[in-house]
Amino acid sequence: MDAEEALRLVENLIRKSGKPPLSDLQRILFKGSWQGKGYKEIHQDCNHVTREHLMRNVGPGLWKLLSTVLSDELGETVEIRKDYLQGVIERLRDRPSPPSLPDAPPPPWPDFPQPPSQNRLQDWGLAPDTTLFQGRTQELAELQQWVEVDGCRLITLYGMAGIGKTALSVRLAEQLRDQFEVVIWRSLDVSRLGHAPPLLSTLLTDWIVLIAGQSPPQPDLPTLLSYLRDNRCLLVLDGFEAVFQQGSLSGNYLNAYQGYGELLRQISDAYHASCIVLTSREKPREVEAREGEGEYAPVRSRKLRGVGEAEAQAMFATKGSFSGSEQDWSLLNRQYDGNPAFLQQIATTIANICGRDITRFLALQPNKPMFVGDIRTLMAQQLGRLSEPERILMETLAQTQIPVTLEDLQQQLTTQHLARDRVLEVLLSLARRSLLETTMAPYRLHSIMVNYVNEMER
């Protein structure tokens, strides 16, 4: 049995089991391992990813999947490893074939077309330049595995304003582009577009024209899904919060934009070989209802948090050389919650008014962050989206300044005309907006949010 025959046998068993089909990287790794190649040699056939990713992410996922499928097929526990592959599969091949069952149901996973070695279209729209992109190594590796190995259909990157969602989506698409026939990056962000976000029909027409190479007779969701099945596409939609209402609990769409909710539902629920990546300050309710954490979950989300001290220092280094003790660097990063946009603004401020001396800057306002330039703008934008109940709860959490339980909040907020049974709903909305430091009791705000809300109250 050669590598191609073994791969066909394994893929038939995977299809029969109802699990997602193998990715290109998994196929390359399987065939190379069957032929006795080491990771170094196999990596030459897929050098668009790192050898470390191949060894730490693709390999373990593949061997775990094969162990599960082959154990179920053989009726005994087997553990597949890179160097223990041929014997189990050849034993499976040589066993007597069971009688076929009449009227067998079709396999749950369709036979998707194999992507070409190179894509045929890349349209980056208003995507920002990521030449100076720093860090996020762990996040990129995880997201890359979700797409290449786990076959995710919809991924949402959500987090506070300035946390780096847009830049991460661009860098992710750049790393994955050779795995797709079509790569399209679009933004709904009003500040980036200079006008209101497009209606869904306009967006669908744009996508379908680029994928198909011609104007569609009917630019609707069924047409888009048919193209996503026939073509392997990576579609990035940045700034999704632009289609949500302000002044109400999170997840309510603006009038005329409700179709975006149906887009998420159908993209999530339909089988296709493509991947859609969203970035948003608010997690959509459709994503929340469908996401999972298992290795075969097709819908997943990733909350972006602040960067570490080493990454913060690397960001500062792009603006020159700064002086400060180890404690100064640590304090500075904590004060701004590792938010990349905030740190870039602070780096500019320190360079311009403090001679690149971090110690001197921290002494200007000890133990509290300074809200200058874009930081104040982004914070105001984030809080400007809140409903009145959310504002009340935020102010209560900011004044308390210590983690509190749900029961404590219910007791405190009854005096502020917020019914006890609404507190949980409001907390959930704040969690979708990434404004809570913890999403389980006891609850608290990000430290920079506490300082900002309290400053606004003065």
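To be clear, the structure that these remarks concern was listed above.
In this text, all values refer to a predicted model and were calculated from it rather than measured experimentally. (Residues numbered from 1 in each chain as written. Predicted model: local features only at pLDDT ≥ 70, side-chain atom pairs only at ≥ 80, totals over all residues. Heavy atoms only, no water.)

## Topic: the environment of Asp269
Working step 1: Looking at the secondary structure, you find Asp269 in helix α11 (residues 259-269).
Working step 2: Expressed as a C-alpha distance, the spacing of Asp269 and Arg153, which sit 116 residues apart in the sequence, is 8.9 Å.
Working step 3: In this structure, Asp269 is in contact with Arg153 and Arg290, ignoring residues within four places of it in sequence. (Helix = DSSP H or I, 4+ residues; strand = E, 2+ residues; numbered from the N terminus. Contact = heavy atoms within 4.5 Å.)

## What about helix α6 (residues 137-148)?
Working step 1: An ideal rise of 1.5 Å per residue puts 16 Å on twelve residues; α6 measures up with 16 Å between its terminal C-alpha atoms.
Working step 2: Residues of α6 that are buried include every one of Glu139, Leu140, Leu143, Gln144, Gln145, Trp146, Val147 and Glu148, and no others. (Expected span 1.5 Å × (residues − 1). Buried < 20%, exposed > 50% of the residue type's maximum accessible area, 1.4 Å probe, protein only.)

## Digging into the sheet that holds strand β3 (residues 182-187)
Working step 1: If you trace the six strands from one edge of the open sheet to the other, you get β1-β3-β4-β5-β2-β6, paired in parallel fashion. Sheet topology places β1 (121-123) and β6 (299-303) at the edges, where each strand pairs with a single neighbour. Across this sheet, the average inter-strand angle for adjacent strands is 10°, counted without regard to direction.
Working step 2: Relative to β6, strand β2 (residues 154-158) runs parallel, the two sharing five bridges. Among the inter-strand pairings, Tyr158 is bridged to a residue of β6, identified as Lys303. (Pairing = 2+ DSSP bridges. Axes fitted to C-alpha atoms, helices over the stretch in contact; angles between N-to-C directions.)

## Quick notes on the packing of helix α17 (residues 374-384) against helix α21 (residues 447-457)
Two packed helices can be described by the angle between their axes and the distance between those axes.
Working step 1: Between α17 and α21, whose axes approach to 11 Å, the crossing angle comes to 85°. When the axis of α17 is compared with that of α21, the two are roughly perpendicular. Of the residues in α21, those touching α17 at Arg376, Met379, Ala380 and Leu383 are Ile448, Met449, Tyr452, Val453 and Glu455.
Working step 2: A breakdown of the residues in the contact of α17 with α21 according to their chemical character gives seven nonpolar, no polar and two charged. (Parallel < 35°, antiparallel > 145°, perpendicular 65-115°, else oblique. Nonpolar A, V, L, I, M, F, W, Y, C, P; charged D, E, K, R; others polar.)

## Focus: the packing of aromatic side chains
Working step 1: Under the criterion given, the structure shown has nine aromatic pairs.
Working step 2: Summarising the aromatic geometry, the rings of Phe240 and Tyr253 are spaced 6.4 Å apart at their centres and angled 90° between planes, so their arrangement reads as edge-to-face. Remark: Tyr253 occurs in the loop between β4 (233-238) and α11 and Phe240 occurs in the loop between β4 and α11; sequence separation between them is 13 residues.
Working step 3: Under the relative-accessibility criterion, Phe240 is labelled buried at 0%.
Working step 4: A residue is classified by how much of its surface remains accessible, and Tyr253, at 9% relative accessible area, is buried. (Phe/Tyr/Trp six-rings, centres within 6.5 Å; stacked < 30°, edge-to-face > 60°.)

## Quick word on helix α15 (residues 340-353)
Working step 1: For α15, built from 14 residues, the straight-helix expectation of 20 Å at 1.5 Å per residue is met to within 8% by its first-to-last C-alpha distance of 20 Å.
Working step 2: Within α15, burial applies to Pro340, Phe342, Leu343, Gln345, Ile346, Ala347, Thr349 and Ile350.
Working step 3: Of the surrounding elements, those touching the buried residues of α15 are α13 (309-317), α14 (326-335), α16 (358-364), α17 and α21.
Working step 4: For α15, the N-terminal cap is Asn339; the gap from its side-chain oxygen to the backbone nitrogen of Ala341 is 3.1 Å.
Working step 5: Where α15 ends, the next residue or the one after it, Gly355, has phi of about 55°, a positive value. (Polar contact = N/O pair within 3.5 Å; in protein donor to acceptor, adjacent residues only side chain to side chain.)

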